[in-house]
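Listed below are the residues making up each chain.
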Amino acid sequence: MSFAKWIGGCLGWIASGSILGGLAGYGLGSLIDRMFEGNATGNSAADSATATAADGGSRNGFLFSLTVLMAHVIGADGKIMHSEMEMARAFLRHNFGEGAVTQGNEILLKLFERRKQMGEQRWRADIAQACREIIPHVTAEGRLQLVAFLCELVKADGRIEASEVDAVRFVAVNMGLDASVVEQMLHLGGESLSDAYAVLGLTPDASDDEVRKAYRRLAMEYHPDKVASLGDDVKAAATRKLQQLNNAKDLIYKSRNMK
């Protein structure tokens, strides 16, 4: 999907008067202005963006929402880490191509600027409202994937900062998810038995039946088919998360001689 089409899919949110729309307008404003500059032939990227505004769909909402939430988490500790920005750029590159990296980077920088202008208290209030506005546009499974990516962002520099974890919990709760999903996501990919229990949201004294029930519930929530409408890349990410869940389950089953 082109970056112009993505911007077009966000235009409806900008016009809605919502907090998320306001952030989109601030972050995308200069890009949209440039798209419309010199449009003498009527064949510019602006036409493409406008034509797709009505049919951006859930994927567009997912992608812009993730960009806003990335800005929230990256700036949570008051520092903009190179490793975190590189991960954000890699995400933009993978989804929209090399040409989108500069534009996406500009949006993030503008959102960082907006945060400074607003002050932390107002910014947090607006992010909380934006998260609530995401709920009708993105399914629960899609929101889990948003949290999963944010958790990867938290781990990007090799350290897990408490302020960034708190920022992801703040997002999860305001998107209607349980805060415990953040702890589970942060332990995905871990190789220890304690990691495996954390992934399932259990402690080692859980019964075998509790282990089975927790795994089955999470396997349904993480199933990649439930986010297929968000694009092949999001589905592939969900597939990786499901494999990590399966690895955690296998580790626990082996330790208990379960079948």
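Since this is a predicted model, take the numbers as computed values, not measurements.

K.L.:
Even after reading the chapter, I still don't get the packing of helix H12 (residues 208-222) against helix H13 (residues 232-256), so can you show me in this structure?
P.N.:
Helix-helix packing is characterised by the crossing angle of the two axes and by the distance between the axes. At their nearest, the axes of H12 and H13 sit 10 Å apart, and the two run at 170° to each other. The angle between the axes of H12 and H13 places the two elements in the roughly antiparallel class. Across the interface between the two elements, Asp208, Val211, Arg212, Tyr215, Leu218, Ala219 and Tyr222 from H12 touch Ala238, Lys241, Leu242, Leu245, Asn246, Lys249, Ile252, Tyr253 and Arg256 from H13. For the contact of H12 with H13, a count of residues per class yields 10 nonpolar, 1 polar and 5 charged.

K.L.:
Teacher, can you tell me more about helix H8 (residues 140-154) here?
P.N.:
Because an α-helix completes one turn every 3.6 residues, residues spaced three or four positions apart along the sequence face the same direction. With 15 residues, H8 extends 21 Å between its outermost C-alpha atoms, agreeing within 8% with the 21 Å of an ideal straight helix rising 1.5 Å per residue. Burial analysis of H8 places 12 of its 15 residues in the buried class, the great majority of the element. Of the residues making up H8, those classed as buried are Gly142, Arg143, Leu144, Gln145, Leu146, Val147, Ala148, Phe149, Leu150, Cys151, Leu153 and Val154.

K.L.:
Would you mind going over the layout of surface pockets with me for this structure?
P.N.:
Rolled over the atoms, a probe as big as a water molecule pinpoints where empty space is left. Considering only enclosed or pocket space, the largest pocket measures out at about 400 Å³ in volume. Contributing to the lining of the largest pocket are 18 residues, with Phe91, Phe149, Asp233, Ala237 and Arg240 lying nearest its centre. Residue assignment for the lining of the largest pocket shows that the elements contributing at least two residues are helix H4 (57-74), helix H5 (82-96), H8 and H13. When grouped by side-chain class, the residues that make up the lining of the largest pocket number 10 nonpolar, 4 polar and 4 charged. In this structure, the second largest pocket spans a volume of roughly 150 Å³. Together, Ala71, Gly75, Gly78, Lys79, Ile80, Phe112, Arg115, Lys116 and Glu120 line the second largest pocket. Tallied by class, the residues present in the lining of the second largest pocket amount to 3 nonpolar, 2 polar and 4 charged.

K.L.:
Sorry, what's going on with the pattern of salt bridges here?
P.N.:
Between side chains of opposite charge, a pair can form when the charged atoms approach closely. Overall, the coordinates contain 12 salt bridges when judged by the stated rule. For Asp208, the salt bridge goes to Arg256, with nearest N and O atoms at 2.6 Å. With Asp208 in helix H12 and Arg256 in helix H13, this residue pair connects regions lying 48 residues apart in the sequence. On the basis of relative accessibility, which here comes to 19%, the residue Arg256 falls in the buried class. Note that Lys213 is salt-bridged to Asp209, the shortest N-O span being 3.3 Å. Of the two residues, Lys213 and Asp209 both sit in helix H12, 4 residues apart, roughly one turn of that helix. Judged by its relative accessible area of 53%, Lys213 is exposed.

Conventions adopted
Residues numbered from 1 in each chain as written. Predicted model: local features only at pLDDT ≥ 70, side-chain atom pairs only at ≥ 80, totals over all residues. Heavy atoms only, no water. Axes fitted to C-alpha atoms, helices over the stretch in contact; angles between N-to-C directions. Helix = DSSP H or I, 4+ residues; strand = E, 2+ residues; numbered from the N terminus. Parallel < 35°, antiparallel > 145°, perpendicular 65-115°, else oblique. Contact = heavy atoms within 4.5 Å. Nonpolar A, V, L, I, M, F, W, Y, C, P; charged D, E, K, R; others polar. Expected span 1.5 Å × (residues − 1). Buried < 20%, exposed > 50% of the residue type's maximum accessible area, 1.4 Å probe, protein only. 1 Å grid on protein atoms, 1.4 Å probe; cavity = no way out; pocket = protein on both sides within 12 Å on 5 of 7 lines; lining within 4 Å. Points joined across faces, edges and corners; volume = space filled by probe spheres on them. Salt bridge = Lys/Arg side-chain N within 4 Å of Asp/Glu carboxyl O.

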